[in-house]
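What the coordinates show
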Amino acid sequence: MNKTSLFQRLAVSSAVLLAGCSMIPTYERPAAPIATDWPALSATAAASAAINNDVAAADIEWQAFFSDARLRQLIEAALRNNRDLRVAVLNIEQARAQFQIRRADQFPTVGAVATGSRQPAANEGIASVYTAGLALTSYEFDFFGRVASLKEAALGQYLATEEGRKTTQISLVAAVANTYLSLLADEELIGITRQTLATREDSFRLSQLRFDNGVSSELDVRQSESLIEAARVSLAQLTRQRALDQNALVLLLGQPATGELAVALPAGKGLADMPVMVDVPAGLPSDLLTRRPDVRQAEQLLLASNANIGAARAAFFPKISLTASAGSASSHLGDLFQSGSFGWTLAPQLFLPIFDAGRNRAGLESAKVQRDIAVAQYEKSIQTAFREVADALAGRATLGEQLRAQQAQAVAEGVRYKLSNLRYQNGIASQLDLLDAQRSLFAAQQAVVQTRLAQLQSQVTLYKTLGGGWKEPGEAVPVVNAALPFKP
């Protein structure tokens, strides 16, 4: 047999391999264990948003959703340097390499080989054999799809890590935005507290003056003093909270907030200065299956578990492998490459499992249980996504009205304080009325800031839970799940 005939046979064998059957179960997406529509309160918010904007959240780049230039600068820095996102990207590279390894297992590995052996001969001499050429080692003919199933499982793992990277980016973008909003709220609350402290210090000086002139008692002085210290306590707490939020932001950014990033940090600005964010529609609950990367990630892991069942089934069938070599052979090293020294070996092997103490059956049961676990995790990811969106929609439906009411209350408390102060200046009202008005106004002003923060963060959360935040300009968004094709 010549070299051409040998390699033709190897090519035919490879074609047989590629035509092998698959034992992977036919994949059927589990039914989504959620309602077909949002709860009543959430559905109302979803319908009102859909009137103004019919672009899905996943189709809106974060650069378009966040119109604040400072915030966009911080998000860009986080996407460049955040370590969690870096790990997610490296996980993709690792999964890609594992997939390439499994794909390479479907093809023969051919390499150059040179051997030499010397051993006693029958005539009490030394027999020498030297060979050099090409060799193919333990190439498995995948008639029953074991290797192909492992490749499909590795592909599912690879695609899952890519979806995991998108999920990490979505969470990172939302975390930076929410922390930035918290810093704006801290600045606004600190400004309100300082203003309140100054007002209370004025009231204290007036109380002290009235006490010195015998107009009021020491009780009024101590009440004013108590309110001053309460304002100082609040100021210290808010200053500490601002420092903690700045530290959290630095961790998200992955680098110190110096230079241009220091300029991007909010200083003296409040939530009222925050530009309006894009309002996004919720769509239908079924949209979560194709829009949320974490749900797609769970399905890819389910597909990988499904493929592992095919590999476990194939382990029950014969395993056929081939070892072959072709090249020069000679009993003398000097004659190794002389004319007429060509030789070849062909060593096929068939291994049929007969007794393995239940190893293969246990492997199949383990693969099936892992698939069932993946189904439960996939369903749980859908339920979690549904709950998160419903919560965000409920917040959008109520926080706007709550903020309006809080602002009206703050205005009313401001008028009340002015009237109480005027009455106190003219000796009509007691200092107790004035101090109570001060406390109520301070609490109402704080509540306005906290409610506005909750409303803005709810918008960010809704954008995140609907799958927005990973798409870059010009990047396409898949509208159907990337399910892998399987042979029946």
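As the structure is a computational prediction, the values presented were derived from the model and not from experiment. (Residues numbered from 1 in each chain as written. Predicted model: local features only at pLDDT ≥ 70, side-chain atom pairs only at ≥ 80, totals over all residues. Heavy atoms only, no water.)

**Points about the overall build of the chain**
We count it as follows: By the criteria applied, helices consist of DSSP H or I runs no shorter than four residues and strands consist of E runs no shorter than two, each listed in order from the N terminus. Only heavy atoms matter for contacts: two residues are in contact if any of them lie within 4.5 Å across the pair. All accessible-area figures derive from a Shrake-Rupley calculation using a 1.4 Å probe, and residue coverage is judged against the displayed protein chains alone.
The helix and strand inventory of the chain stands at 12 helices and 4 strands. Pairs at least 24 residues apart make up 84% of the contacts formed inside the chain by residues separated by at least 6 positions. Approximately 25,100 Å² of the chain is accessible, and the part contributed by carbon and sulfur atoms is 56%.

**Let's talk about the sheet that holds strand 3 (residues 319-330)**
Definition in use: We call two strands paired when DSSP finds no fewer than two bridges between them. In this analysis an axis means a line fitted to C-alpha atoms, helices contributing only their contacting stretch, and an angle means the value between N-to-C directions, from 0 to 180 degrees.
With respect to topology, 4 strands assemble into an open sheet ordered 1-2-3-4, the strand pairing being antiparallel. Each edge of the open sheet carries a strand with a single partner, namely strand 1 (110-120) and strand 4 (342-351). Across the sheet, the axes of successive neighbouring strands diverge by a mean angle of 30°, strand direction being ignored. Examined bridge by bridge, strand 3 and strand 4 share 10 bridges and lie antiparallel to one another. By the bridge assignment for strand 4, Ser-328 is matched with Phe-342.

**Quick notes on the pattern of salt bridges**
A side chain of one charge can pair with a side chain of the opposite charge when the charged atoms of the two come close. In plain terms, the rule: Throughout this description, the term salt bridge denotes a Lys or Arg side-chain nitrogen within 4 Å of a carboxyl oxygen of Asp or Glu.
The tally for this structure, following the rule as stated, stands at 26 salt bridges. Glu-413 serves as the salt-bridge partner of Arg-416, at 3.2 Å between the closest nitrogen and oxygen. Residue Arg-416 and its partner Glu-413 are located together in helix 11 (residues 359-425), separated by 3 residues, close to a single helical turn. A cluster of three or more residues bridged by salt bridges with shared partners is formed by Glu-413, Arg-416, Asp-436 and Arg-439.

**Regarding the nonpolar core**
Here is the rule: In these notes, a set of buried Ala, Val, Leu, Ile, Met, Phe, Trp, Tyr and Cys residues joined through side-chain atoms within 4.5 Å is what counts as a nonpolar core. Throughout, exposure labels follow a simple rule: accessible area from a 1.4 Å probe, protein chains only, divided by the maximum for the residue type, with under 20% read as buried, over 50% as exposed, and the rest as partly exposed.
One finds Phe-66, Leu-74 and Val-176 to be the most contacted residues of the largest nonpolar core, which totals 68 residues. No other element matches helix 6 (residues 146-212), which puts 14 residues into this core. With near-sequence residues (within four places) excluded, Val-176 lies in contact with Leu-71, Leu-74, Ile-75, Ala-78, Leu-249 and Leu-252. Counting 6 residues, the second largest nonpolar core, distinct from the first, contains Ile-92, Phe-99, Leu-155 and Tyr-158.

**Examining unusual backbone geometry**
Most of the time, phi is negative for any residue but glycine, and the peptide bond is trans. Positioned with a positive phi, Ser-138 is a non-glycine residue whose angle comes to about 45°. Tracing the backbone through its elements, the reader meets Ser-138 in strand 2 (residues 126-141). The exposure class assigned to Ser-138 is exposed, which follows from its relative accessible area of 55%. Despite not being glycine, Ala-357 shows a phi value in the positive range, around 60°. Inspection of the secondary structure puts Ala-357 in the loop between strand 4 and helix 11. Looking at Ala-357, the relative accessible area reads 65%, which means it is exposed.

**Overview of helix 11**
We count it as follows: Under the convention used throughout, the expected extent of a helix is 1.5 Å for every residue step, that is, one less than its residue count. Take the seven residues that end at a residue and the seven that start at it, fit an axis to each, and the angle between those axes is the bend at that residue.
Relative to the 99 Å expected for 67 residues at 1.5 Å per residue, helix 11 spans 91 Å between its end C-alpha atoms, a close match to the ideal helical length. Its axis deflected by about 30° at Thr-398, helix 11 carries its strongest bend there. Phi turns positive one or two residues past the end of helix 11, at Gly-427, with a value near 75°.

**Observations concerning a nonpolar patch on the surface**
Stated formally: Only residues whose relative accessible area exceeds 30% and that take part in no salt bridge are eligible for patches, with like-charged residues grouped when within 9 Å of each other and nonpolar side chains (Val, Leu, Ile, Met, Phe, Trp, Tyr) grouped when within 5 Å.
Nonpolar side chains collect at one region of the surface, where Leu-350, Leu-352, Ile-354 and Phe-355 lie side by side and expose about 530 Å² of accessible area between them. The topology assignment puts Leu-352 in the loop between strand 4 and helix 11.

**Let's talk about the confidence of the model for the chain**
Inclusion rule: Note on scores: pLDDT gives the predictor's confidence for each residue, bounded by 0 and 100.
With 89% of its residues at a pLDDT of 70 or more, the chain has an overall mean of 85. At the low end of the mean pLDDT range in the chain sits helix 1 (residues 3-18), at 45; at the high end sits helix 10 (residues 293-314), at 94. Every residue in residues 1-19 is under pLDDT 50, and counting partners more than four places away or in other chains gives 20 contacts. Taken as a whole, residues 479-488 scores under 50 in pLDDT and shows 31 contacts with residues more than four places along the chain or in a different chain.

**Considering the environment of Gly-469**
Along the chain, Gly-469 turns up in the segment after helix 12 (431-465). Along the primary structure Gly-469 and Ala-64 are separated by 405 residues, whereas in three dimensions their C-alpha atoms are 10.0 Å apart. Once residues lying within four places of it in the same chain are set aside, the contact partners of Gly-469 are Trp-62, Gln-169, Ile-170, Val-173 and Tyr-463.

**A few points about the packing of aromatic side chains**
Operational definition: Note on aromatic contacts: the rings of Phe and Tyr and the six-membered ring of Trp form a pair at centre separations within 6.5 Å, being stacked when their planes are under 30 degrees apart, edge-to-face when over 60 apart, and tilted otherwise. Two conditions define a charge located above a ring, namely a distance within 6 Å from the ring centre to NZ of Lys or CZ of Arg, and an angle within 35 degrees of the ring normal.
Per the counting criterion, the structure on display carries 8 aromatic pairs. Judged by centre distance (6.3 Å) and plane angle (10°), the ring pair of Phe-99 and Tyr-158 falls under stacked. Of this pair, Phe-99 sits in helix 5 (residues 83-104) while Tyr-158 sits in helix 6; the two residues are 59 residues apart in sequence, bridging distant segments of the chain. For Phe-99, a relative accessible area of 12% gives the class buried. An aromatic cluster is present here, built from Phe-65, Phe-66 and Tyr-463 joined pairwise through their rings. The cationic tip of Lys-166 hangs over the ring face of Trp-470; the distance from NZ or CZ to the ring centre is 4.3 Å.

**What about the side chain of Thr-179?**
Spelled out, the test is: Any pair of N or O atoms that falls within 3.5 Å is considered a polar contact. Within protein, one atom must be able to donate a hydrogen and the other to accept it, and sequence-neighbouring residues count only if both atoms are side-chain atoms.
Positionally, Thr-179 belongs in helix 6. Residue classification places Thr-179 among the buried residues on the basis of a relative accessible area of 13%. Only 2.7 Å separates the side chain of Thr-179 from the backbone oxygen of Ala-175, close enough to count as a polar contact. The residues touching Thr-179, leaving out its near neighbours within four places in the chain, are Asp-245, Ala-248, Leu-249 and Leu-252.

**A closer look at the pairing of strand 2**
Where strand 1 lies against strand 2, 11 bridges are found, and the strand directions are antiparallel. Each bridged residue has a counterpart across the sheet, and for Pro-120 the counterpart in strand 2 is Ile-126. Alignment of strand 2 against strand 3, held across 10 bridges, turns out to be antiparallel. Bridging across to strand 3, Thr-131 finds its partner in Ala-329.

**Digging into helix 7 (residues 218-253)**
Taking 1.5 Å of rise per residue, the 36 residues of helix 7 would be expected to cover 52 Å, and the 52 Å separating its terminal C-alpha atoms lies within 8% of that figure. Gly-254 occupies a position one or two residues after helix 7 and carries a positive phi of about 80°.

**Quick look at the packing of helix 7 against helix 12**
For the record, the criterion: Angle categories: roughly parallel below 35 degrees, roughly antiparallel above 145, roughly perpendicular from 65 to 115, and oblique for all the rest. Basically, the charged four are Asp, Glu, Lys and Arg, the nonpolar ten are Ala, Val, Leu, Ile, Met, Phe, Trp, Tyr, Cys and Pro, and anything else, Gly included, counts as polar.
Helix 12 packs onto helix 7 with a crossing angle of 10° between their chain directions and a minimal axis gap of 10 Å. When the axes of helix 7 and helix 12 are compared, the pair comes out roughly parallel. Residues Asp-220, Val-221, Gln-223, Ser-224, Leu-227 and Ser-234 of helix 7 touch helix 12, and the partners they reach there are Gln-431, Leu-432, Leu-435, Gln-438, Arg-439 and Phe-442. Residue classes in the contact of helix 7 with helix 12 are distributed as 5 nonpolar, 5 polar and 2 charged.

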